[in-house]
Structures are given as structure tokens and as C-alpha cells.
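# Coordinate inspection notes
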Amino acid sequence: SISTATVTYRNRPAALIVAIDITERKQYEEALQESEEKFRQLAETAPAAIVIYQDDRNVYLNPAGEGITGYTIGEFLKMKPLDIVHPDCRKLILEKMALRQHGVPLSEHYDAKIVTRDGRVRWTRNSTTTSTTRAGGPTSSTTSPGSTGR
């Protein structure tokens, strides 16, 4: 990164040039971009639904999630995380979400019922983990291979 300015030096105009080595930052940005691309490729082709929610909103749904829920990605991102959870399972999911959003690690597998876009009830086997966003807040990711056959 190079910045320039005109200054007075010994009573004469002069150019001030400041150069900062940003090689490390550029390497970090490239590595981050590569990592994000790998995640995107994996998530977009995974046969399981992958949902990412933060606070009280869905922020990501992969194509397999469209097939499992019946909602388009656009529709799903306008919904809240609990909107597809069957009423019988909401208390359990709410408790888990609250703990995760407060940083309590709960990496586990659990079954829950969802209601698809067309009103069908489906049991799903889920695995949810919590991580930290770049801004420092918690975000949770749920992976569901689909129906449990119940």
C-alpha cells in the first residue's frame, strides 16, 4: 500500500511517500477466499441440507436443503430458523438455540420434525455446531441428511 502527500521540507515543497508491506494481509485474504470457495463447492454439492443461522435469522441454505424443505433458498432466507420446526419440537430446538447463541458448545446429533413448504411433516436427523463470525458473534450450522424414515 502506497500513500503520497505534498509536504514542505526545509522550506521547499516535497513529496512524502509512505509504503506499507501488505504481503501478509494479501496472503491472508487469498487464503480466506480459497477457504470460502472450498466451503461453497462442498456445501453446494452436498447431498445433505446445510443451514446456517445467526441470531434469529437464516443466512444460508444449500440446494439439498431446498429439496428437503420444499422452500427455495430465497424463501428460506426470509424465514426465521424456527419457522419450519414442527410445534412438537420447538421447545427442544429453542433451548438448544439459546445455549448455542450464548456460546455454549453443543455438538451433537438429534432428531426433529420439520414442516415442509407443502405442509408435510418430515423427521430429520440433525447435527448442529456453533462457531464465531468474523465480527465475533456466534453463528450455528445445522446439517441434515434428510428424512430419518420415521
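Structural notes, computed from the coordinates.

Reading the values: rules and limits
- Residues numbered from 1 in each chain as written.
- Predicted model: local features only at pLDDT ≥ 70, side-chain atom pairs only at ≥ 80, totals over all residues.
- Heavy atoms only, no water.
- Helix = DSSP H or I, 4+ residues; strand = E, 2+ residues; numbered from the N terminus.
- Buried < 20%, exposed > 50% of the residue type's maximum accessible area, 1.4 Å probe, protein only.
- Contact = heavy atoms within 4.5 Å.
- Areas by Shrake-Rupley, 256 points an atom, 1.4 Å probe, with all protein chains shown as cover.
- Pairing = 2+ DSSP bridges.

## Description of the overall build of the protein chain
When its secondary structure is counted, the protein chain shows four helices and seven strands. Counting from the amino terminus, helix and strand elements in the protein chain follow one another as β-β-α-β-β-α-α-α-β-β-β. Relative to its 150 residues, the protein chain shows a buried fraction of 31%. For the protein chain, long-range pairs separated by at least 24 residues make up 35% of all intrachain contacts whose partners lie at least 6 apart in sequence. Carbon and sulfur atoms make up 54% of the accessible area of the protein chain, which totals about 10,000 Å².

## Digging into the pairing of strand β4 (residues 57-61)
Taken together, the four bridges between strand β3 (residues 49-54) and β4 define a ladder with antiparallel strand orientation. Residue Q54 lies in a different strand from β4, and its bridge partner there is R57. Taking the residues between adjacent antiparallel strands as the criterion, β3 and β4 are bridged by two residues, where D55 takes a positive phi near 55°.

## Notes on unusual backbone geometry
Backbone geometry at R10 places phi at a positive 55°, although glycine is not the residue there. Relative to the helices and strands, R10 is located in the loop between β1 (2-9) and β2 (12-19). With relative accessibility at 69%, the residue R10 sits in the exposed group. Positive phi values are uncommon outside glycine, yet N11 reaches one of about 65°. Inspection of the secondary structure assignment puts N11 in the loop between β1 and β2.

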